[in-house]
Amino acid sequence: MIKNNIFLSALGLLALLILPIYPNSGTLDFGGNVDASIVYLLILFLTGISRSKIFLGIIILLFYYSMTGTYGYLELCIKFVSFYFFIFFIQKFFWENLRNDSLLILIFLILFYSVTFIVYSLIFSIGLMDYLSFVCLPFIYNLFVSLILLIIIKYNSWPKVKDQVYQF
Amino acid sequence: MLTKRNKKKIFLILILSTLIIVFFSLNINFYLSNFLAKNLSYSSDYYSENSRLKKKIEELESKVKLQQSYVNENIELKKRLEYKVSKNIKFLQAELVITSPFTFASTGIINKGIKDGVKSGFIAIASGKLVGKVASVKTDYSEILFTFNPNFAIMVYIGKNKIPGILKGNGVTSYIKYVTNDQKILKGDRVLISSNSPEKYPPIEIGKIASVKKEGGFLDMNLDGLIEPRNIKFLTIVSND
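Reading guide: rules and limits
- Residues numbered from 1 in each chain as written.
- Chains lettered and ligands numbered in written order.
- Predicted model: local features only at pLDDT ≥ 70, side-chain atom pairs only at ≥ 80, totals over all residues.
- Pairing = 2+ DSSP bridges.
- Helix = DSSP H or I, 4+ residues; strand = E, 2+ residues; numbered from the N terminus.
- Buried ≥ 20, exposed ≤ 12 C-beta atoms within 10 Å, placed from the backbone.

A. A look at the pairing of strand S8 (residues 174–180) of chain B. Residue and element names in this part refer to chain B. Inspection of the sheet shows strand S7 (residues 163–169) paired to S8 by four bridges, in the antiparallel sense. Across the sheet, the residue bridging to Lys-168 is Tyr-175, located in S8. Counted along the chain from S7 to the antiparallel partner S8, the turn is four residues long, and its residue Gly-171 has a positive phi close to 100 degrees. For S8 and strand S11 (residues 218–224), the ladder comprises four bridges, and the chain directions are antiparallel. If you follow Ile-176 over to S11, its bridge partner there is Met-221.

What follows is the structure, given as structure tokens:
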């Protein structure tokens, strides 16, 4: 009988968390354009919401926040707000197919980057074109990496075969 | 009597043999000389050693000429770039080991710290372009603020007249501020790193003016050709102690 190994799962989770912070590590860092926290949280919540997953999501955000500069808290707050709405959307509506899930990711990313633009333009008075040119690649990469991981994890799974007991 | 088939055979053999004879007669000189050189030529150790050394001298001479041309090219380029490295300036190679995964307030960690002589405020460059500035230093590592980080600010000078300004990050890009609008700055003017005085840092070009906008009594300038810091792996810390 195959048992879930908690130690291995924890180790895998830790590796998934830590590896994207190394440049050119070949995990989620496509030239620094992928925000690992967004991708992980999207996948985490799209595969079902529970208290433990929300707790894990908060830990992921705080862990990555610990590696940013002074103004990292701005992005952290925007992410908290955006993911709050994201969870609200998932719980209120029915999303259980790939097309709807893709739409949801797109909506979330648009929401997140729009809120960020509003906040940054108010505080640092950034221009729209500057913002778009900076955000264009991360937006595309985050969208596609999230979608690919979602397809792999949620819509392609190992065949669920019950363990068979043989009697001789 | 020869049959038709035999006639054909003989004809083909004749053609083939003619071709082979022609081929060998044309190349007989090569085969002969090769054979003579290999087997019947006079050889002595003294002669072969001498020729080997002569060959080596020729090779070394050509290498020296090539290196001399590199030195000349380097001197010429330094002259063109007005590259005057002060005695206090030192370059330290470092590796960007960690980049924070957040998109906007991104920072990096390098593998050089206090014990390597890194100090807060030193600038970091890669491929001759500005990457950021050392924000905090620990014993073994240091934190780098990338150019687009809102905490990043450095003094620069613009164009031939070396007009001073402050390059500041705003979360998505960096732009030059605090230059009064009576200054003549044109699109395409070179932007160079400065400290309190131009002599403190070597004049490293960090980009060119992309656009100039009037904002109150000051000019706001965008830079063209800034390096994307999150893509790089190795960088150089410029110390000016």
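B. Examining unusual backbone geometry more closely. Residues and elements named next belong to chain B. With a phi close to 50 degrees, Lys-162 is a non-glycine residue in the positive phi region. Within the secondary structure layout, Lys-162 lies in the loop between strand S6 (153–158) and S7. A residue is classified by how many C-beta atoms lie within 10 Å of it, and Lys-162, with 13 of them, is partly exposed. Of note, Tyr-178 is a non-glycine position whose phi angle comes to about 60 degrees, a positive value. Topologically, Tyr-178 is positioned in strand S8. You can call Tyr-178 exposed: it has 12 C-beta atoms within 10 Å.

The values are spatial; any link to function lies outside them.
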